[in-house]
Amino acid sequence: METPWIVVFVACLTQYAASECLMTDDRCEFWLVIEQKLTMMYGKELVYPKDGQIFINPTLKVDSEKVITADAFMDPLLVITANGTMPGPPIEVYEGQTITVHVRNDLISDAVTVHWHGLHQVKTPWMDGVPFVTQLPILPGSEFTYKFKASPIGTFWYHSHMGTQLSSGLFGAFIIRAKVVTRDPEFVMILQDWNHFMVGDTTYFKMQFGVYENKQRIPPSTSFDGGKFSMFRVHSILVNGKGRFDAKAPLAVYEVEPYKRYRFRVISAANNYPLIVSIDIHPFEVVASDGYPIRPQLVDALIINPGERYDFIVRTLADNLDNYWIRIQTLENNTVTTGWAILRYKGATDRDPYTSPRLCTRTDICRVLNCPFSYFPLLDYKTCINFDQIQSFSLNYPPARDSKDKIEEIFLNFAFPGTGDYVPGSVNGRRFEFPSVVALDDPKNVTSYCKPDQCGEEELCNCTYSINLKHNATYQLILLNKGVGKGWTHPIHLHGHSFYLVKMGYPKFDEKTGLFLGENTDINCTRNSSLENSFCNKAFWANSSWGGNNIEGIELDYPPIKDTIIVPSGGYAVIRIRADNPGVWFMHCHIELHHVNGMALMFNESFDRDYGSVASSLGLESIVTLMSLSILWFVDLL
């Protein structure tokens, strides 16, 4: 009698089980149990902070690592965790290994998916973790196994892609290392903007209908350039799940030794805000963005947007072996929230630092990397290094750099156009609607696709916005943020690819105040000159000779590679990909409030050809896996 396939599957899992992923392993296996927990609870006991530690009562101290402290606010808040922690456990592997992650959904009422942010999922597009785009959600009480190759090398992360579960706490680091014996010691730093009264769906609906304090509606917070963020008020910034609303709460501590180099891998899991990171008395070299090396930039501070990752190198001091503040602030103008972690030299006392941030002066200007605007106010004495000034570490030709291959251009406006109370997040006026079937599995049966005559140049519509890409063609995507729906900056993330950033266009700013003065004029929103407040649904180059490689200032030798890029309000970013990864790939603003509201679209990179061609591209084993998953999803629903 033949052994049932389920028994063989379980036997294989046992064979490859591992508590950690070693460099010599070919396969690595992990388990994530998704469940809800309460902050500031140790079992059924409410705890409180004191002297940087956690207590049940004045004489009974507990391990703070066994408590989800967040910012130590005493009213417990319901969060979503992986393996009981927020953030979830880090997954650290080596390039080329086969990774298996078993996800069990122990949530009471909600389905879940897990996205592996920054991984291209070559030949495994159904493992990308977007509900109804690449998979059916994992129902409560059910399990799903993700399996894929660890590639490329770099700093990545995993997070839920279901509704507002990311801001509820479901995320963790995913690090892919090269197989080298020696490297700098490393630290992971995951950042959150935190409101201890509301997470998840509550936050989303209050953003939609208004946030009130003492019967007064809260106005949006603003950026240095006068742009808007939202009514989402931040009480604290968390570093690796720890922050301080109460001055006695525990913090993340990074212990270092003098005369050494340390790599910090910084991940923004923020819900809404760009965050500015600095370390007292310690400038640092930024060496990678979204996993890819860049020419090192020595800076005093770094701005990181939701979804982005940056690696930087800190060289420790020879003396003053003490404690130093790591400072993280929201990039707000009218109100600023600060979070802290501690850089502690080995042998220093176990206490809070007394250090101060660097004083920026007219003769000693501070350098800040990745500003979403061109200038800080003049008297801040800070200079912006925009990302369009960054180059890849070495020559890095984008596709179709000097060939005669045709470059297809697509203009995509990420904005909030509309009138009256109806102002949804959208791309080219299309508010994204998730299909009712899995688009990757059954693209021809999606009934909610946007129709050609459905969305006009100055209209809004609700539909599944999907753009078909031709296999192996080169596409230049012009991501803009213009027209009546501008006013917010948008960190745009692409699944299934990392892209070449070949140009950015910033709006006009006042050099003294830093305030926004006017939109970038490289792109026109409409051919109808009478429409002063265009929705910008059908944009085009203002200079008709521009296009492809013929664009003023385009970088075709050293373009950096990213998967998440900030698109400034009133400006644009030009990115380039080759459509060589069959699948259906999501693209969206990584501010959770924005993409849940509809600021997203799909790129269908597989189904412009026949089934046989798709099977040939993905490989027979992959097609059999896809068919098996379809059967398992169906059984799971019974």
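Higher on the page you've got the structure.
First things first, this report covers the structure right here in the doc. These numbers come from a predicted model, not from an experiment. (Residues numbered from 1 in each chain as written. Predicted model: local features only at pLDDT ≥ 70, side-chain atom pairs only at ≥ 80, totals over all residues. Heavy atoms only, no water.)

With that settled, consider the nonpolar core. The biggest cluster of nonpolar side chains holds 129 residues, and the ones touching the most others in it are W116, F174, Y254, F264, L412, L479 and M587. With near-sequence residues (within four places) excluded, W116 lies in contact with L32, I91, V101, Q121, M127, D128, Y146, F148, W157, Y158 and F174. Judged by nonpolar contacts, the second largest core, of 18 residues, contains Y292, Y500, W546 and I561. (Core = buried A, V, L, I, M, F, W, Y, C linked by side-chain atoms within 4.5 Å. Buried < 20%, exposed > 50% of the residue type's maximum accessible area, 1.4 Å probe, protein only. Contact = heavy atoms within 4.5 Å.)

Here we come to the state of the cysteines. Disulfides are covalent bonds that link the sulfur atoms of two cysteine residues. Under the criterion given, the structure shown has six disulfides. Note that C450 is cross-linked by a disulfide to C463, the S-S spacing being 1.9 Å. An S-S torsion of about 85° defines the bridge between C450 and C463 as right-handed. Linking C450 in the loop between β31 (430-432) and β32 (461-463) with C463 in strand β32, this pair joins segments that are 13 residues apart in sequence. Between the sulfur of C455 and that of C461 lies a disulfide, 1.6 Å long from S to S. One quick way to see it: the torsion about the S-S bond of C455 and C461 is about 85°, and its sign makes the bridge right-handed. Exposure remark for C461: the relative accessible area of 7% places this residue in the buried category. For the chain, numbering the cysteines in disulfides from first to last along the sequence yields the connectivity 1-2, 3-4, 5-6, 7-10, 8-9, 11-12. (Disulfide = S-S within 2.5 Å. Helix = DSSP H or I, 4+ residues; strand = E, 2+ residues; numbered from the N terminus.)

Moving on, we come to the packing of aromatic side chains. According to the stated counting rule, one finds 31 aromatic pairs in the structure shown. A ring pair is formed by W541 and W546, whose centres lie 5.3 Å apart and whose planes are at 65°; its orientation type is edge-to-face. Classification of W541 as buried rests on a relative accessible area of 6%. Judged by relative accessible area, which is 15%, W546 ranks as buried. Taken together, the ring pairs in this structure connect W116, F144, Y146, F148, Y158 and F174 into an aromatic cluster. Above the plane of the ring of F376 lies K382, whose end atom (NZ or CZ) is 5.3 Å from the centre. The ring of Y397 carries R401 above its face, with NZ or CZ at 4.0 Å from the centroid. (Phe/Tyr/Trp six-rings, centres within 6.5 Å; stacked < 30°, edge-to-face > 60°. Lys NZ or Arg CZ within 6 Å of the ring centre and 35° of its normal.)

As a further point, take the pairing of strand β21 (residues 284-289). Burial analysis of β21 places five of its six residues in the buried class, the great majority of the element. As judged from the five bridges shared by β21 and strand β22 (residues 292-299), these two strands associate in the antiparallel manner. Bridging across to β22, F284 finds its partner in V299. Between β21 and β22, which follow one another and run antiparallel, lie two residues, and D290 among them has a positive phi close to 55°. Where β21 meets strand β24 (residues 309-315), four bridges bridge the pair, whose relative direction is antiparallel. Its bridge partner being in β24, V286 is matched across the sheet by F312. (Pairing = 2+ DSSP bridges.)

A few words on helix α2 (residues 201-209). Within α2, burial applies to T203, Y204 and M207. Looking straight down α2, one finds that the buried residues subtend no more than 100° of arc, so they occupy a single side. On its buried face, α2 is in contact with β31 and α3 (592-596). Within two residues after α2, G210 carries a phi angle of roughly 115°, on the positive side. (Arc of directions from axis to C-beta.)

What follows deals with the sheet that holds strand β9 (residues 98-105). Taking strand neighbours across the sheet as the criterion, the four strands line up as β7-β1-β9-β11 in an open arrangement whose pairing is mixed. Strands with a single pairing partner mark the edges of an open sheet, and in this sheet they are β7 (78-82) and β11 (143-149). Neighbouring strand axes in the sheet, compared pairwise and without regard to direction, differ in orientation by 20° on average. Pairing of strand β1 (residues 27-38) with β7 involves five bridges; the strand directions are antiparallel. Bridged to E35 within β7 is T81. (Axes fitted to C-alpha atoms, helices over the stretch in contact; angles between N-to-C directions.)

To continue, consider empty space enclosed by the protein. On inspection of all chains with the given rule, the structure shows five cavities of 30 Å³ or more. As a volume, the largest cavity reaches approximately 80 Å³. For the largest cavity, the lining is made up of 14 residues, of which S167, Q192, D193, W194 and N271 are closest to its centre. Looking at which element gives the most residues to the lining of the largest cavity, the answer is strand β14 (residues 186-194), with three residues. Class assignment of the residues belonging to the lining of the largest cavity gives a composition of eight nonpolar, five polar and one charged. (1 Å grid on protein atoms, 1.4 Å probe; cavity = no way out; pocket = protein on both sides within 12 Å on 5 of 7 lines; lining within 4 Å. Points joined across faces, edges and corners; volume = space filled by probe spheres on them. Nonpolar A, V, L, I, M, F, W, Y, C, P; charged D, E, K, R; others polar.)

This part takes up the layout of surface pockets. The calculated volume of the second largest pocket comes to roughly 910 Å³. Taken together, 40 residues make up the lining of the second largest pocket; nearest its centre are S64, E65, T69, N240 and K242. Of all elements in the fold, only β1, β2 (41-42), β14 and β26 (338-345) reach the threshold of two or more residues within the lining of the second largest pocket.

Attention now goes to the sheet that holds strand β18 (residues 253-256). Taken in spatial order, the seven strands line up as β18-β26-β25-β20-β23-β27-β28 in an open sheet, and their pairing is mixed. Of all strands in the sheet, those with a lone pairing partner are β18 and β28 (382-385), marking the two edges. Ignoring strand direction, the axes of neighbouring strands in this sheet form an average angle of 25°. Sheet topology places β18 next to β26; four bridges connect them, and they run parallel. Each residue of the ladder has a partner; that of Y254, found in β26, is L343.

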